[in-house]
Amino acid sequence: MELEMQSVDEEKWKWRSVEVVKDVDVQLDVGNLLTFDPNAIDEDEFRESAEDCLRNIARDNAQLLVSQLWKLPSELVDGVYVAKLPATTTRFPREKAIAQVKQPTKWETFAKIKGIKKNRRSQMIWDEQLKEYRPRWGYKRINDDTQDWIHEVPDHTDPFEDQFEKRAKAKKERIAKNELQHLRNIARNMKGKVPGLSLMPVKNPDKEELRSLQTVARKSTASLGKFTGSLPKERAAKHLDRKRKFDANFGDSETEKKKAKKVFERIKSSKTLVDANRAANLVQAEKERARSQKRREDEEEGGNARRSKHGNTKFRKSCSGRKRKSSLTETQRR
């Protein structure tokens, strides 16, 4: 008898009506397939069987959402009815902003103007020497001369030039050129506003600018300068690598007590926190420097005043005295 009653209940649950009646209309966001039910839960039914109560509510809300989906315009695609969802009405927070349309690079713009179409080439190429297929780029690529232990010296070059070093240098230059083109594309897409330090060359850079540029160049590697060696007698740029360190907001209480106790003991101790002798020497040196500066300025002003006031008159008197003396001697001679 119990089994028959259970089977009857299951049949009733299976063939429940598609018409759902709610005391308060639910809010449907068909674009997000979202249903918000503001109706209160029946406490008696919930206490009797919480699982059945929640299952009935979920079933009714899902039925309301499916009924709205069948009202949307639909089409038959590959034997399946597909409905076009409307615009969403509920706004959800997102971690990152919506990606903007990527601006074409300089080469893509040129190819579009000239009508050049990109043909996808195969990744594997047949190697005639090894008689096997090899990748076009990357590890074990075709015509890879980096593993050769001998290198032919061309006729028009210096016979004592290291060809292996020349090959490595050329590779680094190609990588740097590609990186420069990449940065130029980024700057053009950002309309010339590139964040960070200004790396444009200047006519007469000072020491700090050179140090800053040197530090930025060292950190412009994949390891952020971790394995980059330093030059002899090289000094780090000021206020560039310093990072402010803060304690955690939720730290250990014992550490906080020790820090507070240490500060209190320093304040309470009889030892002065300021070196009196050093402070007095600094004050005395500053006074001497100001006194010597004032004396130097007074001497310069006094010398200028004497030259401007008496210098020309003395010269005239001395000249007139010589003339007068010379005239007397001439008369005496006559």
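Heads up: the structure comes first, above all this text.
Residues numbered from 1 in each chain as written. Predicted model: local features only at pLDDT ≥ 70, side-chain atom pairs only at ≥ 80, totals over all residues. Heavy atoms only, no water.

### Focus on the packing of aromatic side chains
Thinking step 1. Using the criterion set out here, one finds two aromatic pairs in the structure.
Thinking step 2. Judged by centre distance (5.8 Å) and plane angle (35 degrees), the rings of Trp 107 and Phe 110 are tilted. Here the residue Trp 107 and the residue Phe 110 both occupy positions in helix H4 (residues 106-114), the gap between them amounting to three residues, near one helical turn.
Thinking step 3. Accessibility expressed as a relative area gives 54% for Trp 107, which makes it exposed.
Thinking step 4. Residues Trp 126 and Tyr 133 carry aromatic rings whose centres are separated by 5.1 Å and whose planes lie at 70 degrees to one another, so their mutual orientation is edge-to-face. (Phe/Tyr/Trp six-rings, centres within 6.5 Å; stacked < 30°, edge-to-face > 60°. Helix = DSSP H or I, 4+ residues; strand = E, 2+ residues; numbered from the N terminus. Buried < 20%, exposed > 50% of the residue type's maximum accessible area, 1.4 Å probe, protein only.)

### Here we look at the pairing of strand E4 (residues 80-83)
Successive residues of a regular strand alternate their side chains across the two faces of the sheet.
Thinking step 1. Relative to E4, strand E3 (residues 74-77) is paired through four bridges, and the arrangement is antiparallel. For Ser 74, the partnering residue across the bridge sits in E4 and is Ala 83.
Thinking step 2. Between E3 and E4, which pair antiparallel one after the other, the connecting turn spans two residues, and Asp 78 there sits at a positive phi close to 55 degrees. (Pairing = 2+ DSSP bridges.)

### A short note on the pairing of strand E5 (residues 124-127)
Thinking step 1. Direction of pairing for E5 relative to strand E6 (residues 132-135): antiparallel, over a ladder of four bridges. Across the sheet, the residue bridging to Asp 127 is Glu 132, located in E6.
Thinking step 2. Connecting E5 to the next strand, E6, in antiparallel fashion are four residues, including Lys 131 with a positive phi near 60 degrees.

### Some details on a nonpolar patch on the surface
Thinking step 1. Judged by side-chain polarity, Ile 41, Phe 46 and Leu 54 come together as a nonpolar surface patch covering roughly 270 Å² of accessible area.
Thinking step 2. Counting through the fold element by element, Phe 46 comes out in helix H2 (residues 43-48). (Patch = residues over 30% accessible without salt bridge, like charges linked within 9 Å, V, L, I, M, F, W, Y side chains within 5 Å. Areas by Shrake-Rupley, 256 points an atom, 1.4 Å probe, with all protein chains shown as cover. Salt bridge = Lys/Arg side-chain N within 4 Å of Asp/Glu carboxyl O.)

### Considerations on the environment of Asn 189
Thinking step 1. By secondary structure assignment, the location of Asn 189 is in helix H5 (residues 163-189).
Thinking step 2. With 86 residues separating them along the chain, Asn 189 and Gln 103 place their C-alpha atoms 6.1 Å apart.
Thinking step 3. The residues contacting Asn 189, other than those within four sequence positions of it, are Gln 103 and Pro 104. (Contact = heavy atoms within 4.5 Å.)

### A few points about a negative patch on the surface
Thinking step 1. Taken together, the side chains of Glu 297, Asp 298, Glu 299, Glu 300 and Glu 301 present a region of like negative charge at the surface.
Thinking step 2. Here Glu 300 lies in helix H8 (residues 276-333).
Thinking step 3. We classify Glu 300 as partly exposed; its relative accessible area is 48%. (Lys, Arg positive; Asp, Glu negative; His and termini not counted. Charge placed at Lys NZ, Arg CZ, Asp CG, Glu CD.)

### Describing H5
Thinking step 1. Taking 1.5 Å of rise per residue, the 27 residues of H5 would be expected to cover 39 Å, and the 39 Å separating its terminal C-alpha atoms lies within 8% of that figure.
Thinking step 2. Buried residues along H5 sit in contact with H4.
Thinking step 3. Two or three places before Phe 164, at the opening of H5, Asp 162 has a side-chain oxygen 3.2 Å from that residue's backbone nitrogen. (Expected span 1.5 Å × (residues − 1). Polar contact = N/O pair within 3.5 Å; in protein donor to acceptor, adjacent residues only side chain to side chain.)

### So, the environment of Gln 68
Thinking step 1. Inspection of the secondary structure assignment puts Gln 68 in helix H3 (residues 50-70).
Thinking step 2. What makes Gln 68 partly exposed here is its relative accessible area of 29%.
Thinking step 3. Beyond its immediate chain neighbours, meaning those up to four positions away, Gln 68 contacts Leu 28 and Val 30.

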